[in-house]
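A closer look at the structure
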Amino acid sequence: MGARLFHTKSIDKLISDSENPEKRLKKTLGPLSLTSLGIGAVIGSGIFTVIGTAIAGQKLQFKSVLNAPLLEYLIYHSASFGRPGAGPAIALSFVLVAIVCGFAALCYAELAAMIPIAGSAYTYTYATMGELIAWIIGWDLILEYAVSNMAVSVGFSAHIVDLLDWFGINPSLRWITPAYLPAGLADLQGNTLYNPGWHFGFNWPAFIIVMLLTVILVRGIRESAGANNVMVMLKIVAILVFIGFAARLVHPANWHPFAPNGWPGILTGGSIVFFTYIGFDSVSTAAEECKNPSRDLPIGIISTLVICTILYIAVVVVLTGLVPWQTLLDDAAPIVNTMKKLHFGNVRLVVLLGALLGMISSLLVFQLGQARVWFAMSRDGLLPNIFSRVHKRYRTPDFSTWVFSWAFPRAFWISARSPIFRILALSSHSRLLPAAC
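Model, not experiment: these values are computed from the prediction.

1. Points about the overall build of the chain
- Across its full length, the chain holds 18 helices and six strands.
- With an accessible surface of roughly 18800 Å², the chain has 68% of that area assigned to carbon and sulfur atoms.

Shown next, in the form of structure tokens:
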């Protein structure tokens, strides 16, 4: 059993398994599509949603210490805690994160060129460290994409509300907000709409967009990549419009103090936005659908990191120069809401549409990557065989794509308070149960 758990799978075996006609994916992606996939994942959650939290920090207040997370209580000895914001120094946070991700990107580029198989870090781990570690890494990746998708979905919903407001439509809050709001919800004037905690509601915009993207992903990788290319191009245009127009309205006084919370704030801001850089990781999940992996994958991964870092820094420098950094606290749509406060007019609509496209492309790439991880794990025998089923016409892992879209985000949403997720994970493969237990 021990030898089996740490058994590695050779590169030749991985490649030969991927050439099985029944489980072979269509090779259609080139360097431009791979770079676009990476940008689609990176530019979305970071620029349009979580930078508000990274800049202004986060404050959490629980009614009782019994409801507070144990680790947080042990650190702060209180039911009230949070994370310091980076302030205008968020630009430095992005530089530090880019340097760290740069080293990881170089490793990914080399491994992806050597092992052009779906699965990303899971596949690389199976080839080098063995089955048990690969199984753990595979589930880590699944969690990573699920958390990212949920965060971006909430941001997408917030931007849909802004778009509806542009046309004078104001839907009921219970149908456009998550059922759990850890920091509550307030309007632009600071009026409380929902207190922190649970409330009756369902986030329909987030749900609907995930379903629509699932249909596109099942239809084919060429169609998915084509749709993503268009969305990425349009959202980059929207970002450049924002930078070009808003740069003229910057107030340098808003950049002082540059680092209000010092290095703790800078490092915390970097940790908050770190997951937004996983776009280069999602590029490697599509390695099996790449025409020339040894050349195209390194180009796609490195190009993604360079382009996105430049755009990130430009946006946050302008944003923190427009308004005081403290005003971005608990803002799920910081750029669009800032433009609304400052009455940017039609420019706001252009950026809002670009932001929505950014969210959609980000969701598409995360769903694509997660389904490929499940597909690779199933093909290696670490998940039921049905997860590696390939659609006869479209040559995509249709079952894995649908399961992720429908079941997994809901299971993960429940998992924080119940053993359901543990059962899901442990039931994936019987020979790993003893080690997992």
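2. Let's talk about a nonpolar patch on the surface
- Together, Val95, Ile99, Phe103, Leu106, Ile302, Val306 and Ile310 line one region of the surface with nonpolar side chains, adding up to about 640 Å² of accessible area.
- Here the nonpolar patch takes four residues from helix H5 (residues 90-114), the largest share from any one element.
- Relative to the helices and strands, Phe103 resides in helix H5.

3. Details of the pattern of salt bridges
- For the structure on display, the rule yields four salt bridges.
- Across the pair Arg389 and Asp398 runs a salt bridge, and its minimum N-O distance is 3.1 Å.
- Residue Arg389 is classed as partly exposed on the basis of its relative accessible area of 40%.

4. Some words on unusual backbone geometry
- Along the chain, His256 connects to Pro257 via a cis peptide bond; the corresponding omega equals -5°.
- Note that Pro257 resides in the loop between helix H9 (221-246) and helix H10 (262-273).

5. Some remarks on the confidence of the model for the chain
- Per-residue pLDDT for the chain averages 76, and the proportion of residues at 70 or more is 81%.
- Mean pLDDT values over the elements of the chain span from 29, in helix H18 (residues 433-436), up to 89, in helix H12 (residues 293-322).
- For the stretch residues 408-437, pLDDT sits under 50, and the model shows 54 contacts to residues farther than four places along the chain or on other chains.

6. Some thoughts on the packing of aromatic side chains
- Within this structure, the stated rule accounts for six aromatic pairs.
- On the numbers, 6.2 Å between centres and 70° between planes, the contact of Tyr108 with Tyr124 is edge-to-face. Here the residue Tyr108 occupies a position in helix H5, and Tyr124 occupies one in helix H6 (residues 121-128), the gap between them amounting to 16 residues. Across the pair, Tyr124 and Tyr108 agree in class, each one buried.
- For the ring pair Trp374 and Phe387, a centre distance of 5.3 Å and an interplane angle of 65° mean the geometry is edge-to-face. Linking Trp374 in helix H14 (residues 346-379) with Phe387 in the loop between H14 and helix H15 (398-406), this pair joins segments that are 13 residues apart in sequence. Per residue, the accessibility class of Trp374 equals that of Phe387, and both read buried.

7. Structural notes on the environment of Leu217
- Tracing the backbone shows Leu217 in helix H8 (residues 204-219).
- Linking Leu217 and Thr396, residues 179 residues apart in sequence, is a C-alpha distance of 7.7 Å.

8. Re H9
- For H9, with 26 residues, the first-to-last C-alpha span of 37 Å sits near the 38 Å given by 1.5 Å per residue.
- Residues of H9 that are buried include every one of Ile221, Ser224, Ala225, Asn228, Met231, Val232, Lys235, Ala238, Ile239, Phe242, Ile243 and Ala246, and no others.

9. Quick word on the packing of helix H7 (residues 131-166) against H14
- Interaxial distance between H7 and H14 falls to 9 Å at its minimum, and their mutual angle equals 160°. Classified by the angle between their axes, H7 and H14 sit roughly antiparallel to one another. Of the two possible hands of crossing, H7 and H14 adopt the one that is left-handed.
- Its residues placed into classes, the contact of H7 with H14 shows 22 nonpolar, eleven polar and three charged.

10. Digging into the environment of Gln326
- With respect to the secondary-structure elements, Gln326 resides in the loop between H12 and helix H13 (334-341).
- Overall, Gln326 belongs to the partly exposed group, its relative accessible area being 46%.

11. Let's talk about the packing of H6 against H7
- For the pair H6 and H7, interaxial distance at closest approach is 8 Å and the crossing angle is 170°. The pairing of H6 with H7 is recorded here as roughly antiparallel in orientation. For the pair H6 and H7, contact is made by Ala121, Tyr122, Thr125 and Tyr126 and by Glu131, Ile133, Ala134, Trp135, Ile137, Gly138 and Leu141, respectively.

Quick notes on the rules
- For every chain, the first residue of its written sequence is number 1, and the numbers climb from 1 along that sequence.
- Where local features are concerned, this predicted model is filtered to residues with pLDDT of at least 70; where side-chain atom pairs are given and counted, the filter is 80 or more; whole-chain, interface and lining totals use all residues.
- Heavy atoms throughout the structure, all of them, feed into the side-chain values; hydrogens and water do not.
- Only runs of H or I of at least four residues qualify as helices and only runs of E of at least two qualify as strands under DSSP, and these elements are numbered from the N terminus.
- Here the accessible surface of atoms and residues is derived via Shrake-Rupley with a 1.4 Å probe, and residues count as covered only by protein chains that are part of the display.
- Here the term patch refers to residues with relative accessible area over 30% and no salt bridge, with like charges joined within 9 Å and nonpolar side chains (Val, Leu, Ile, Met, Phe, Trp, Tyr) within 5 Å.
- Put simply, a salt bridge is a Lys or Arg side-chain nitrogen that is within 4 Å of an Asp or Glu carboxyl oxygen.
- With a 1.4 Å probe rolled over the protein chains alone, any residue whose accessible area is under 20% of its type maximum counts as buried; one over 50% counts as exposed, and the rest are partly exposed.
- What pLDDT reports is the predictor's confidence in each residue, on a scale of 0 through 100.
- Pairs of residues are marked as contacts when any of their non-hydrogen atoms sit within 4.5 Å.
- Stacked, tilted and edge-to-face are the three classes assigned to paired rings of Phe, Tyr and Trp, where Trp is represented by its six-membered ring and a pair needs centres within 6.5 Å; plane angles under 30 degrees give stacked, over 60 edge-to-face, the rest tilted.
- Expected helix span is computed as 1.5 Å times (number of residues minus one).
- Whenever a helix is involved, its axis is fitted only over the stretch in contact; in every case the axis is a line through C-alpha atoms, and angles between N-to-C directions fall within 0 to 180 degrees.
- Should an angle fall under 35 degrees it is called roughly parallel, over 145 degrees roughly antiparallel, and 65 to 115 degrees roughly perpendicular, with every other angle called oblique.
- Working rule for handedness: look at the near helix, and if it is turned counterclockwise from the far one by less than a right angle, call the crossing left-handed; if clockwise, right-handed.
- Under this grouping Gly is polar, as are all residues other than the nonpolar Ala, Val, Leu, Ile, Met, Phe, Trp, Tyr, Cys and Pro and the charged Asp, Glu, Lys and Arg.

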